[in-house]
Amino acid sequence: MPHKIGFVVVSSSGHEDGFSARELMIHAPTVSGWRSPRFCQFPQEIVLQMVERCRIRKLQLLAHQYMISSKIEFYISESLPEYFAPYQAERFRRLGYVSLCDNEKTGCKARELKSVYVDAVGQFLKLIFHQNHVNKYNIYNQVALVAINIIGDPADFSDESNTASREKLIDHYLGHNSEDPALEGTYARKSDSISPLDDLAFDMYQDPEVAQIIRKLDERKREAVQKERYDYAKKLKQAIADLQKMRRPFDLPLQPLARSGSPRHQKPMPLLPQREERGTENQFAEPFLQEKPSSYSLTISPQHSAVDQLLPATDPHPKINAESLPYDERPLPAIRKHHGEAVVEPEMSDADISNARRGGMLGEPEPLTEKALREASSAIDVLGETLVAGAYSKTWSYREDALLALFKKLMEMPVGTPKEDLKNTLRASVFLIRRAIKDIVTSVFQSSLKLLKMIITQYIPKHKLSKLETAHCVERTIPVLLTRTGDSSARLRVTAANFIQEMALFKEVKSLQIIPSYLVQPLKANSSVHLAMSQMGLLARLLKDLGTGSSGFTIDNVMKFSASALEHRVYEVRETAVRIILDMYRQHQASILEYLPPDDSNTRKNILYKTIFEGFAKIDGRPTDAEMRARRKAATEEAEKQKKEEIKALQGQLAALKEIQAEVQEKESDAVKPKNQDTQRGKAAPAEALGILDEHYLDNLCIFCGERSESFTEEGLDLHYWKHCLMLTRCDHCKQVVEISSLTEHLLVECDQKDGFGKCYRCSEAVFKEELPRHIKNKDCNPAKPEKLANRCPLCHENFSPGEEAWKAHLMGPAGCSMNLRKTHILQKALALQPGKSSSVATSGPSGSKAGSKIPTPKGGLSKTSSRTHAKR
C-alpha cells in the first residue's frame, strides 16, 4: 500500500532568511515553508533525497497564497548527478510539470493544494520553480512552497490486485451498510489506495497530538484486522470516527475558487468521493477544502487526473454545521483540544469474538435483490431460493451455512437419481462454489474448496457421471482459484495453491490435462507479484509430480513459458524460471537448448543466462567458467613459483660462471706472452689452427640461432634450448620445445593435444576446434600467403619474406617479431648487462694476428656465415 515517504533536503538554489528549504521536511500547522531569495533569478530549484529508493505514486504541493510559481517541473534520479558526486555520471530524468493558478479570483487569500499522480522510481527528486505570477502582494518577485508530500512504495514492492478489505466483514455480520460513512476513511487495505492519514492536509491542518492518537488507533485497528479480531477492530474504528467529531470554533467559510466562463465551474462539493468513484482520492482533510476545477495536469506517463484544491492562507476558521455532514467529512480537531481521552474498550478474547461472529444470526438471510434473482435464476430453480439467498447473504455465517447445507444435500442424493437432475444440481453447485471461492472470509473460502473436492472425488464417481462434468467443474473454478493465489493474505494464497496442486493430482482430473494448460499461460505484465510467484511455484511443483509425458506439460509449452518468465520484473519469478529450466535440462538435455540464446560471451553478460549455462555445465560434469578461472589461476601461480625457483638456481649458476670466466681470462693473459716472443712459430701455426677449428666447429654452438658460448656444454645447450634460444619455444599444451617455424605443424600433428586443434583455411594456423567455427565466421584473421611467397609466423600472425635466414631475421632481429617473449626474458637482460662475459676461440691467421669471436648477447647471435668465414681461412 502506498504510504508517506520521508525525505531530506539535499540542496536548494537559495532562500530568504528564516525560510530555508529544510522547513519542507516538517509537516505541521505552524510551518512557514521555503521562500526564494528576493529578486532572485529563475528558475529556482530544490533537490530532495528520499529515505529509500521508492516508486513514487503521488506528489502533493501546498503553494503559497501569493508567492506562486507559474510552473513547477519534476525530475527524478536514482543517484546524485556528477555535479554533486563526480564519480556518478547519471543525470536527472524529467517527469513533467504542473502549472499553478495565479489565485486572482480569491484575492490571494487561499492556498492551492496540488495533488499529482505519478509512477516513477528513484531516490532523488528535483523541483524546478519558474517565474512567479505577478500580483500586488508579491513585491519582491519571489516564489514559495509551504509544504510537499511524497507518497509511494519501496522500489521492490509492486502493485497487487487484491480483493476488498477485510474490514467489510464488520459490515457483513453487524448489518451495516457498506456505504456507512462511520466505518469509512481510515485504512482501505487496497494496494492502490492511499490512507487519508498520509494526506498532506491531515498534517497541515490537524492538531499534532490528536493526529498522533488517530494514527496509533489506526495502527492497532489494522493489527486487529490482520488477526481477524473483528469486534475489537470495529471498536477502534468507531473511536477514530468519534475523534473526527470533535468540534472547534469556525469563522466565515472560505469561498471556493471559480473560473469565470469555465464549463467545469460548479458549486462547492464535499471532497471525499464515494468508494466506487475512481480516478480521485480519499482526502482526509478540512471541510473548507474546495475542489479547484483546473485544466492543468502533470505531463507524465502513466498519469491520472490531478486533484487541485485550495487551502486557506489566513484565519482558517469558517463556521459550518458539522452535524449535517457524514462522519468522514466532518471537521478534524486542529485548534481546540478535547479535554479527555477517547474511550477504547479492552481487547476481547477469541471466545468472545467467536460468540460475536455467531451471535444474533438465528433468523433468515435477507431476500435476494433483483440483480441476484436474475443472475442466479438457474441455481434457484434447482436448489431453491432459501439456499441461494444464504449463499448471496451479506452475513458471512449465512454464506458458510449455505455451503454446508449444499454439501449435505449432495452427499444424501440417492443413487439412481435421473442423470439430468444430477447434472443440473452439479452445475448449480459449481455456480455457487465459483462465487464462494471469491469470498474474503477464510471459512467461507475453505468451505467452497471442501465442497468442490467432494463433488469431483465422490459425487461424480458415485453417480457415474461423465468426464464432461468433471471438466466443467475444473474449467469453471480453476481461473478464480488461480486468482486467489495472488491474494494479499498469505494463508489464503497457500491454501489456494495447495488445493490446485491437490486437485491436479486427482485421478479424475489428471487425465483431463486441464490445469497444466492454465499454468503455462504467459504471465501478464500487470499481474500482481504474488500471483506471478504462485503460478511459477505451482508449475515447478507439478512438473516434478506429473512430468512432461501425457500430462499437459510439454517441452515446448514449459520452455516457452519459462523463457518469457526470465524477463519478468520480479526477481523471485526469474529465479524460479531458472530452476525450472535446469530441471528440464536434467530430463531432456539438448532439446532445451533450442529455446535459449547461443552460449557465448554476449549472452553470458546476462547473469540469468550465465547461471543457466553454468548449471548446464554442472549437470554435464563439465567445469564451469568459475572453476576454469580458478584452475588457470592456480596453474599461473604454480608456474610463477617454478619460474622464481629456476631464476634463483640460474643466478647461482651465473655467479659460478663469473668465477670460471675470471680464471679463463687470467690463463689467456699468461698464454699471450710466449706467443709474442716466438713470431716465427706463430707464422707457421695458422694452417694447423684452421684444421683444429674445422674439427671443433660445432662445439659450443647453438645450431638454431647460431649463438656460440663456452657455457654451451651438453647441459648448457639443453638449458639454452629450454629457456633462451630465440628460434625455439615451448608448446603450452605438451611442454615440448619446438622450433617456432614448425609450431603450427606440431600442434596439428605431433602435440599430445592435437585432437583439440583444427586448421583455419584462411590463416593456415592451428585453432581450438571449439573456437574454430566462430574464428572462421568472424573473418578477423590475417590471410596467409603461399609458402613460396612468404613465411607465416605463428606468434605474431604476420607474413614475411620466405627462406630459412628470413626466420632468423624475423625472430631475432630488433625489428622482427614483437610477440617473441624470449627477447625480453629477464635472464637475457641480465646477460646483456654483464660486460665481462666473453669467450674466444683463438687461431693464428696468415699474418700471425689473433682471430676469435666474442659471445654475443641474445639480441645478436653469432651467425653461421661468420663461422664459415673462419673455417675457409
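Residues numbered from 1 in each chain as written. Predicted model: local features only at pLDDT ≥ 70, side-chain atom pairs only at ≥ 80, totals over all residues. Heavy atoms only, no water.

Visitor: Quick rundown of the packing of aromatic side chains? Include the residues and the values.
Guide: This structure, assessed with the given rule, holds 8 aromatic pairs. Ring geometry for W34 and F129: centres 5.0 Å apart, planes at 40°, overall tilted. Of this pair, W34 sits in strand β3 (residues 34-35) while F129 sits in strand β7 (residues 110-129), and the two are 95 residues apart along the sequence. Side by side, W34 and F129 carry an identical accessibility label, which is buried. Plain terms: the ring middles of F757 and F768 are 4.8 Å apart, the flat faces sit at 25° to each other, and that makes the pair stacked. Remark: F768 occurs in strand β14 (residues 766-768) and F757 occurs in strand β13 (residues 757-759); sequence separation between them is 11 residues. Judged by its relative accessible area of 7%, F757 is buried. (Phe/Tyr/Trp six-rings, centres within 6.5 Å; stacked < 30°, edge-to-face > 60°. Helix = DSSP H or I, 4+ residues; strand = E, 2+ residues; numbered from the N terminus. Buried < 20%, exposed > 50% of the residue type's maximum accessible area, 1.4 Å probe, protein only.)

Visitor: Can you explain empty space enclosed by the protein? Please cite residues and give values.
Guide: Under the criterion given, the structure shown has 3 cavities of 30 Å³ or more. A504, V509, K510, Q513, I514, I515, P516, L546 and S551 are the residues that line the second largest cavity. Those elements that provide at least two residues to the lining of the second largest cavity are α14 (507-510) and α15 (515-519). The residue makeup of the lining of the second largest cavity, split by class, is 6 nonpolar, 2 polar and 1 charged. (1 Å grid on protein atoms, 1.4 Å probe; cavity = no way out; pocket = protein on both sides within 12 Å on 5 of 7 lines; lining within 4 Å. Points joined across faces, edges and corners; volume = space filled by probe spheres on them. Nonpolar A, V, L, I, M, F, W, Y, C, P; charged D, E, K, R; others polar.)

Visitor: Outline a nonpolar patch on the surface, supporting the account with residue identities and numerical values.
Guide: Judged by side-chain polarity, V8, M25 and I26 come together as a nonpolar surface patch covering roughly 230 Å² of accessible area. The residue M25 is located in the loop between β2 (7-12) and β3 in this model. Judged by its relative accessible area of 34%, M25 is partly exposed. (Patch = residues over 30% accessible without salt bridge, like charges linked within 9 Å, V, L, I, M, F, W, Y side chains within 5 Å. Areas by Shrake-Rupley, 256 points an atom, 1.4 Å probe, with all protein chains shown as cover. Salt bridge = Lys/Arg side-chain N within 4 Å of Asp/Glu carboxyl O.)

Visitor: Explain the environment of A241 to me, and be specific about the residues and the numbers.
Guide: In this fold, A241 is placed in helix α4 (residues 230-244). Residues A241 and I214, spaced 27 residues apart in sequence, show a C-alpha to C-alpha distance of 9.3 Å.

Visitor: Talk me through the pattern of salt bridges; I want residue IDs and the actual numbers.
Guide: For the coordinates displayed, the defined rule picks out 25 salt bridges. The partner of R222 in a salt bridge is E219, and the shortest N-O contact between them spans 1.9 Å. Linking R222 with E219, this pair stays in helix α3 (residues 208-226), spanning 3 residues, or about one helical turn. Given the relative accessible area of 19%, R222 is considered buried. Residues D487 and R484 are paired through a salt bridge, measuring 3.1 Å at the closest nitrogen-oxygen approach. When sorted by exposure, D487 lands in the same class as R484, which is buried.

Visitor: Tell me about the pairing of strand β8 (residues 144-154), and please be specific about residues and values.
Guide: Across the 11 residues that make up β8, a large majority, 10, are buried. Taken together, the 2 bridges between strand β1 (residues 3-4) and β8 define a ladder with antiparallel strand orientation. Directly across from K4, in β8, lies its bridge partner I151. Strand direction decides the pairing type here: strand β4 (residues 44-63) and β8, joined by 9 bridges, are antiparallel. Following the sheet pairing, K58 is matched in β8 by I151. (Pairing = 2+ DSSP bridges.)

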